[in-house]
Amino acid sequence: MTRVPNMLLNALAFLTGIVILQQLPLLPDPTWSLLLLGLLPWTLFQQRLRPLLLLVIGFLWALFRADLLLSQELPLALEGQDILLEGTVASIPEVLDHRLRFAFAPQRIIFKSQTWHGPKRVRLSWYRHPLFKLKAGDRWQLLVRLKRPRGFMNPGGFDYEGWLFRQGFRATGYVRSATTNRLIESHWYHHPLDRARQYLLEHMVPLLADSPQRGLVQALTLGERGAITPQQWQVLERTGTNHLVAISGLHIGLLAGIAYFLGRRLWSLRAANILTLPASQAAAVSAIISALFYAALAGFSIPTQRALIMVSVVMLAVLAKRPIHTSRALAFALILVLLWDPLSVLSPGFWLSFGAVAVLTFGLTGQRPLPGTKTPGFSSLSSYLEHFWRRWGKAQWVVAIGLAPILLYQFQRLSLIAPVTNLVAVPWMGFLVVPPLLLGTILLIPFPLLGTALISLGDYLLALLWNILAWCSTLPVAQWEHAGPPLWALLPAILGSLLLLAPRGLPGRWLGLLALLPLLLTSSPRPSYGTLWFTLLDVGQGLAAVVRTHHHTLVFDAGPRYSERFNTGEAVVAPFLRSQNINTIDTLVVSHGDNDHIGGVAGLLHHFPAKRILTSAPEQLRWLHPKSCARGQQWRWDGVDFHILHPQSTVGRGNNHSCVLLITSGAQRILIAADIERSAEQTLLTATTDGLAATILVVPHHGSLTSSSPPFIAAVNPEHALFSAGYRNRWGFPKSAIVQRYLRQGTKLWSTAQHGAITFHLDQNPLSKPETFRQSNRHYWTGN
């Protein structure tokens, strides 16, 4: 029994070393990883020091793998240049709007007739793609423009750069229209797995063309989630069932469990089989094969790799006829997963999958051997199902309580109805929906009629479940949102949830509630009376800013809408407000009708109501019943004054009709100039009697040559000039001539493209240097 905690301690030590490395802003010298060669043999003979040595080994192993990936960086000289790639389509191309998106594995990178070393995996978009099918495994020569991985950097937002790093993408870009683009060769044995999956997908799509669940079916069978709509994701999130469309531990575990019990029963039907191989071992083989097949069908994505390892550990113990405790199996699986992919700790799915197994083990099974080892536990599928239903309700509450701290910390939201919805949804999906869908997918090519019938049956059963989930998601109590708690509150909350899940006889279980209080009650700080917090968000080529006083919040523009599926109001502004524990927008100012300012408004208001909307383009927001902004409008919040300086009248449109806002907090002033150009700047200079001087200026029109005239800059005379512009945007904003004008004025310059979100705290003290999110949240993979 002493080996169980030792094994778990060793696994946690290895995990800790890897996690420490992932927190560093810069990597240590990679030559330190050579110490692995000496430490590994030493660890075998140093039992007392083994946890400490494994912590160091975990750190060095993560360092080695991280450096290996970072060494594939795109050379700076190639950014934004037309370069020639020769390589292979390394994924199933996704059709998104009017473009294809796919992974590409370059074998040669050619620039100016020279071969360069660079990324081994890039993410490409092809906007004017060929009329024929682009197939996984095809070898192509493509003319592309690449850039280093770059994403929006904002508090509460999704770390796209981190996601690209975990997926192995060291550059992104797009295919240029050119005669040099050509197919070199196409053979079925190139990337045969992805090619077979694409073949199945192409045959499945016409069958589900009229089905609202098409994206869900593709996700459940082939692991392709690109066709799931934003509305469907919202239903899944609010009901706590988004894990159901990820082929990971749940589905692979359920399929392996079904295969185990069916395999055991069928193998036992013939006595000679048992003499050759015990039924439990034959069942374990069928479970591993089933899990392996399902993982392959999903393209061996990272979550499926993790699930496959976990299932294999348990079933290999059955094959070896060795009893294995759940904690020991979990520890061994954890080590294998981290050896295979130390970057997996950067994914929330890693913590949720292992966390779910851990809390279920702690809350339900304790240290009992797993089925099929020393004590099989269930002699038949019927007895397993009886046990399943008897304890299934408790399992849902165990998972909900145990994972609540992690979910709240990672996503700032909790589904309050998840225990109830999962009580029905998990078995419905696992036993009724997934089996016919999988079987239909397998039979679709050799037996089209039977395969079609099974897929249609699975789609119908999924539609029944979906109607229930969609209704549940509309309940007011479906989801609770709360500001992301500080890291120091996470560990006590995890310990508190485990204390609540402890056996009933343990005294003091109620103290777990006290340990949860910091997580639940801790709120984000807010400005004191008379002070102002200003954040210019990173929305790429666009504008979005948030102004906070003691009791009020103003949002100025919401950034662009990039596609039907993605807008920065929903993806950037809303998460930022949620991270600051803001529930309502008091005033939303939409400066004008250009997409890079108004595009994200609908997405933002879908999550946050606005009490008042001011805009110079009311005709584009009629459904919101806004008011027109015009010079002379002013109000005071918590000792802070707001003045609309422009436009001069409510008649007009375009850049020069943009709303211009001046905010005064004590001796400090902020001027948000939107997209005004020279003529509007001249109007402001003439009409503003008390001057335009401001401490902080959000530079007009992103630093275009049509704005920031010398008289305007001289009149404002900003201490800080903020450019809201996209990284390597196609217009080249901010223009170098404009940058030089501000530098000659002695102004400090900041850009969202370079610094991410930029935050100033204006109070009675002299204005200090702003907090830039790209630096404060820097990781070793983060671009400069």
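Residues numbered from 1 in each chain as written. Predicted model: local features only at pLDDT ≥ 70, side-chain atom pairs only at ≥ 80, totals over all residues. Heavy atoms only, no water.

## Some thoughts on the overall build of the protein
Stage number 1. Helices and strands together make up the secondary structure of the protein, namely 26 helices and 25 strands.
Stage number 2. At 29 Å, the protein has a C-alpha radius of gyration in line with the 28 Å of a compact globule built from 784 residues.
Stage number 3. Counting only residues that meet the buried cut, the protein has 53% of its 784 residues in that class.
Stage number 4. Taking the contacts inside the protein whose residues are at least 6 apart along the sequence as the reference set, 69% of them involve residues at least 24 apart.
Stage number 5. Of the roughly 35400 Å² of accessible surface on the protein, 62% is carried by carbon and sulfur atoms.
Stage number 6. Across the protein, the 66 positively charged side chains and the 38 negatively charged ones have centroids separated by 10 Å. (Helix = DSSP H or I, 4+ residues; strand = E, 2+ residues; numbered from the N terminus. Rg over C-alpha atoms; globule rule 2.2 N^0.38 Å. Buried < 20%, exposed > 50% of the residue type's maximum accessible area, 1.4 Å probe, protein only. Contact = heavy atoms within 4.5 Å. Areas by Shrake-Rupley, 256 points an atom, 1.4 Å probe, with all protein chains shown as cover. Lys, Arg positive; Asp, Glu negative; His and termini not counted. Charge placed at Lys NZ, Arg CZ, Asp CG, Glu CD.)

## Some points on the packing of helix H15 (residues 418–443) against helix H16 (residues 448–473)
Two packed helices can be described by the angle between their axes and the distance between those axes.
Stage number 1. Running from amino to carboxyl end, H15 crosses H16 at an angle of 160 degrees, the nearest separation of the two axes being 7 Å. Classified by the interaxial angle, the pair formed by H15 and H16 is roughly antiparallel. At the point where H15 passes H16, the crossing takes the left-handed sense.
Stage number 2. Here the residues of the contact of H15 with H16 sort into 20 nonpolar, five polar and one charged. (Axes fitted to C-alpha atoms, helices over the stretch in contact; angles between N-to-C directions. Parallel < 35°, antiparallel > 145°, perpendicular 65-115°, else oblique. Left-handed = near helix turned anticlockwise from the far one by under 90°. Nonpolar A, V, L, I, M, F, W, Y, C, P; charged D, E, K, R; others polar.)

## As for the packing of aromatic side chains
Stage number 1. Following the criterion strictly, the structure yields 22 aromatic pairs and no others.
Stage number 2. Note on Tyr-160 and Trp-163: the rings are 6.1 Å apart at their centroids and 10 degrees apart in plane angle, and the pair reads as stacked. On the criterion of helical spacing, the pair formed by Tyr-160 and Trp-163 is a turn pair, its members being three residues apart in helix H4 (residues 160–167).
Stage number 3. With a relative accessible area of 26%, Tyr-160 lands in the partly exposed category.
Stage number 4. Consider the rings of Trp-635 and Trp-637, whose centres lie 5.9 Å apart with planes at 55 degrees: the pair is tilted.
Stage number 5. Given the relative accessible area of 9%, Trp-637 is considered buried.
Stage number 6. One aromatic cluster is present, built from ring pairs that chain together Phe-152, Tyr-562 and Phe-566.
Stage number 7. One cation-aromatic arrangement involves Arg-612 over Trp-635; the distance from NZ or CZ to the ring centre is 4.3 Å. (Phe/Tyr/Trp six-rings, centres within 6.5 Å; stacked < 30°, edge-to-face > 60°. Lys NZ or Arg CZ within 6 Å of the ring centre and 35° of its normal.)

## Re the packing of helix H2 (residues 36–45) against helix H3 (residues 50–70)
Stage number 1. Interhelical geometry of H2 versus H3 gives an angle of 155 degrees and a closest axis separation of 10 Å. Classified by the interaxial angle, the pair formed by H2 and H3 is roughly antiparallel. Crossing handedness for the pair H2 and H3: left-handed. For the pair formed by H2 and H3, the contact residues are Leu-36, Leu-39, Leu-40, Trp-42, Thr-43, Leu-44 and Phe-45 on the first element and Arg-50, Leu-53, Leu-54, Val-56, Ile-57, Leu-60 and Trp-61 on the second.

## What to know about the sheet that holds strand E22 (residues 720–723)
Backbone hydrogen bonds hold the strands of a sheet together, and the pairing may be parallel or antiparallel.
Stage number 1. One open sheet accounts for seven strands, arranged E17-E18-E19-E20-E21-E22-E23; its pairing is mixed. This sheet does not close on itself; its edge strands, each paired only once, are strand E17 (634–637) and strand E23 (748–751). Across the sheet, the mean angle separating the axes of adjacent strands is 15 degrees when strand polarity is ignored.
Stage number 2. The pairing of E22 with E23 spans four bridges and is classified as parallel. Opposite Phe-723, over in E23, you have Ser-751 as the bridge partner. (Pairing = 2+ DSSP bridges.)

## Quick look at the nonpolar core
Nonpolar side chains in soluble globular proteins generally cluster together in the buried interior.
Stage number 1. With 49 residues, the main nonpolar core has Ile-252, Met-315 and Met-429 as its most contacted residues.
Stage number 2. Looking at this core, the elements that each hand over two or more residues are helix H5 (192–207), helix H6 (214–222), helix H7 (230–239), helix H8 (249–268), helix H10 (279–297), helix H11 (302–319), H15 and H16.
Stage number 3. If one sorts the elements of this core by residue count, H10 sits on top with eight residues.
Stage number 4. Once residues lying within four places of it in the same chain are set aside, the contact partners of Met-429 are Leu-220, Leu-244, His-251, Val-434, Pro-435, Leu-462 and Leu-465. (Core = buried A, V, L, I, M, F, W, Y, C linked by side-chain atoms within 4.5 Å.)

## So, the environment of Leu-543
Stage number 1. The residue Leu-543 is located in the loop between strand E11 (532–536) and strand E12 (544–548) in this model.
Stage number 2. According to the relative accessible area criterion, Leu-543 is buried, its value standing at 2%.
Stage number 3. A C-alpha to C-alpha distance of 5.6 Å links Leu-543 and His-597, two positions 54 residues apart in sequence.

## Let's talk about the sheet that holds strand E15 (residues 610–615)
Stage number 1. Read from one edge of the open sheet, eight strands run E16-E15-E14-E13-E12-E11-E24-E25, paired in mixed fashion. Two strands close off the open sheet at either side, each with one partner strand: strand E16 (627–628) and strand E25 (771–772).
Stage number 2. With two bridges connecting them, E15 and E16 associate as parallel partners. Bridging from a neighbouring strand, Thr-615 pairs with Ser-628 of E16.
Stage number 3. Helix H19 (residues 568–579) contacts E11, E12, strand E13 (553–558) and strand E14 (585–590) of the sheet and is inclined by roughly 160 degrees relative to E13.

## Topic: helix H12 (residues 326–340)
Stage number 1. Here H12 is 15 residues long and its end C-alpha atoms lie 21 Å apart, about the 21 Å a rise of 1.5 Å per residue gives.
Stage number 2. Those residues of H12 that sit buried are Thr-326, Ser-327, Ala-329, Leu-330, Ala-331, Ala-333, Leu-334, Ile-335, Val-337 and Leu-338. (Expected span 1.5 Å × (residues − 1).)

## What about helix H22 (residues 678–687)?
Stage number 1. Those residues of H22 that fall on the buried side of the exposure criterion are Ala-680, Glu-681 and Leu-684. Taken down its axis, H22 places every buried residue within 105 degrees of arc, on the same side. (Arc of directions from axis to C-beta.)

## Some points on the pairing of E12
Stage number 1. Burial analysis of E12 places five of its five residues in the buried class, the great majority of the element.
Stage number 2. Pairing geometry for E11 and E12, over four bridges, is antiparallel. Bridge pairing in E12 places Trp-533 opposite Arg-548.
Stage number 3. In this structure, E12 lies alongside E13, joined through five bridges in antiparallel fashion. Directly across from Arg-548, in E13, lies its bridge partner Thr-553.
Stage number 4. Connecting E12 to the antiparallel partner E13 that follows it, the hairpin turn spans four residues.

## A word on the side chain of His-597
Stage number 1. With respect to the element layout, His-597 can be found in helix H20 (residues 595–598).
Stage number 2. In this structure the side chain of His-597 is engaged in a polar contact, spanning 3.5 Å, whose partner is the side chain of His-702.
Stage number 3. In contact with His-597, other than residues within four places in its own chain, are Leu-543, Asp-557, Ala-558, Gly-559, Ser-591, His-592, Asp-675 and His-702. (Polar contact = N/O pair within 3.5 Å; in protein donor to acceptor, adjacent residues only side chain to side chain.)

## What to know about the environment of Trp-32
Stage number 1. Tracing the backbone through its elements, the reader meets Trp-32 in the loop between helix H1 (3–22) and H2.
Stage number 2. Judged by relative accessible area, which is 52%, Trp-32 ranks as exposed.
Stage number 3. Not counting residues up to four positions away in its chain, the partners in contact with Trp-32 are Leu-60 and Leu-63.

## Description of the pattern of salt bridges
Stage number 1. Inspection of the entire model under this criterion finds 14 salt bridges.
Stage number 2. Its salt-bridge partner being Arg-139, residue Glu-86 comes within 4.0 Å of it at the nearest N-O pair. One end of the pair, Glu-86, is in strand E1 (residues 82–89); the other, Arg-139, is in strand E6 (residues 139–147), with 53 residues separating them in the sequence. Exposure class is identical for Glu-86 and Arg-139. Each is buried.
Stage number 3. Of the charged contacts, one joins Arg-413 and Glu-237 as a salt bridge, the two residues approaching to 3.2 Å between their closest N and O atoms. Taken together, the residues Arg-413 in strand E9 (residues 413–415) and Glu-237 in helix H7 connect sequence positions 176 residues apart.
Stage number 4. What makes Glu-237 partly exposed here is its relative accessible area of 34%.
Stage number 5. Three or more residues joined by partner-sharing salt bridges are found here, namely Asp-82, Arg-145 and Arg-176. (Salt bridge = Lys/Arg side-chain N within 4 Å of Asp/Glu carboxyl O.)

## A closer look at the confidence of the model for the protein
Stage number 1. In this model, the protein carries a mean pLDDT of 89, and residues with pLDDT of at least 70 account for 95%.
Stage number 2. Contacts of residues 366–378 to residues separated by more than four positions or lying in other chains number 32 contacts, the stretch itself having pLDDT below 50. (pLDDT = per-residue confidence, 0-100.)

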